[in-house]
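Listed below, chain by chain, are the residues.
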Amino acid sequence: QVQLVESGGGLVQPGGSLRLSCVASGTIYSLNAMGWYRQVPGNQRELVAQITSAGSTTYGESVKGRFTITRHNAKNTVDLQMNMLKPEDTALYYCNVKWTMGWQDDKYDYWGQGTQVTVSS
């Protein structure tokens, strides 16, 4: 069983910064991708940023240049540094870890409970 615990959400003014952290525990395949997604009511969950165990990163278009994702492989942690925050960044942010393994390409996909980020003056 894999558990993901997020921390670091909160209320921040436009232009401010927040740092989200996530710790994954349990049996986790070493070759994985960890990332952050976000969702607002009525919308689909969208990718914010993802980083593979090899360090390759992917960012959502709306956060490029403002957010930075990092990870520590040995500790199974992933952080999201969010700068120049905008009101439209307000959402519930979810931590995710996923991998594919085995000769049948079995997919494993785990989610945290979410942490709220609110950007408002």
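Residues numbered from 1 in each chain as written. Predicted model: local features only at pLDDT ≥ 70, side-chain atom pairs only at ≥ 80, totals over all residues. Heavy atoms only, no water.

Novice: Hey, could you run me through the overall build of the protein chain in this one?
Specialist: A count of helical and extended segments in the protein chain gives 0 helices and 11 strands. Counting helices and strands in the order they occur from the N terminus, the protein chain gives β-β-β-β-β-β-β-β-β-β-β. For the protein chain, whose C-alpha radius of gyration is 14 Å, the value lies close to the compact-globule estimate of 14 Å for 121 residues. Expressed as a percentage of its 121 residues, the buried residues of the protein chain come to 38%. Across the protein chain, every contact between residues at least 6 apart in sequence was considered, and the portion connecting residues at least 24 apart equals 55%. Placing the 10 positive and 9 negative side-chain charges of the protein chain at their respective mean positions leaves the two points 5 Å apart. (Helix = DSSP H or I, 4+ residues; strand = E, 2+ residues; numbered from the N terminus. Rg over C-alpha atoms; globule rule 2.2 N^0.38 Å. Buried < 20%, exposed > 50% of the residue type's maximum accessible area, 1.4 Å probe, protein only. Contact = heavy atoms within 4.5 Å. Lys, Arg positive; Asp, Glu negative; His and termini not counted. Charge placed at Lys NZ, Arg CZ, Asp CG, Glu CD.)

Novice: Explanation requested: the pairing of strand β7 (residues 67-72) in the structure shown.
Specialist: Two faces, one strand: in a regular strand the side chains alternate between the faces of the sheet. Side chains of β7 alternate between two faces, with F67, I69 and R71 buried and T68, T70 and H72 left unburied. With 6 bridges connecting them, β7 and strand β8 (residues 77-82) associate as antiparallel partners. Residue R71 lies in a different strand from β8, and its bridge partner there is V78. Where β7 folds back onto β8 in an antiparallel hairpin, the turn is made up of 4 residues, including N76, whose phi is positive at roughly 55°. (Pairing = 2+ DSSP bridges.)

Novice: Could you clarify how one ought to interpret the environment of N96 in this entry?
Specialist: Note that N96 resides in strand β9 (residues 91-101). In this structure N96 comes out as buried when scored by relative accessible area, which is 0%. Spatially, the C-alpha atom of N96 lies 10 Å from that of I51, the residues being 45 residues apart in sequence. Discounting residues that sit within four places of it in the chain, N96 has contacts with L4, A33, M34, G35, Y37, D109, Y110 and W111.

Novice: What is the right way to look at the nonpolar core in this model?
Specialist: One recurring pattern in soluble globular proteins is that nonpolar side chains are buried together. Of all hydrophobic cores here, the largest spans 27 residues; its most connected members are W36, V48, F67, V78, L80, M82 and Y93. Contributions of two or more residues to this core are made by β3 (18-25), β4 (33-39), β5 (46-52), β7, β8, β9 and β11 (115-119). Here this core takes 5 residues from β9, the largest share from any one element. Among residues more than four places away in sequence, those in contact with V48 are W36, Y37, R38, T58, Y59, G60, V63, F67, L80 and Y93. (Core = buried A, V, L, I, M, F, W, Y, C linked by side-chain atoms within 4.5 Å.)

Novice: Mind showing me how you'd approach the sheet that holds β7 here?
Specialist: Hydrogen bonds between backbone groups are what pair the strands of a sheet, and the pairing can be parallel or antiparallel. Strand order in the open sheet formed by 4 strands is β1-β3-β8-β7, with antiparallel pairing between adjacent strands. Two strands bound the open sheet, and with one partner strand each, they are β1 (3-7) and β7. Here the average twist between neighbouring strands, direction ignored, is 15°. In this structure, β3 lies alongside β8, joined through 6 bridges in antiparallel fashion. Each residue of the ladder has a partner; that of C22, found in β8, is V78. (Axes fitted to C-alpha atoms, helices over the stretch in contact; angles between N-to-C directions.)

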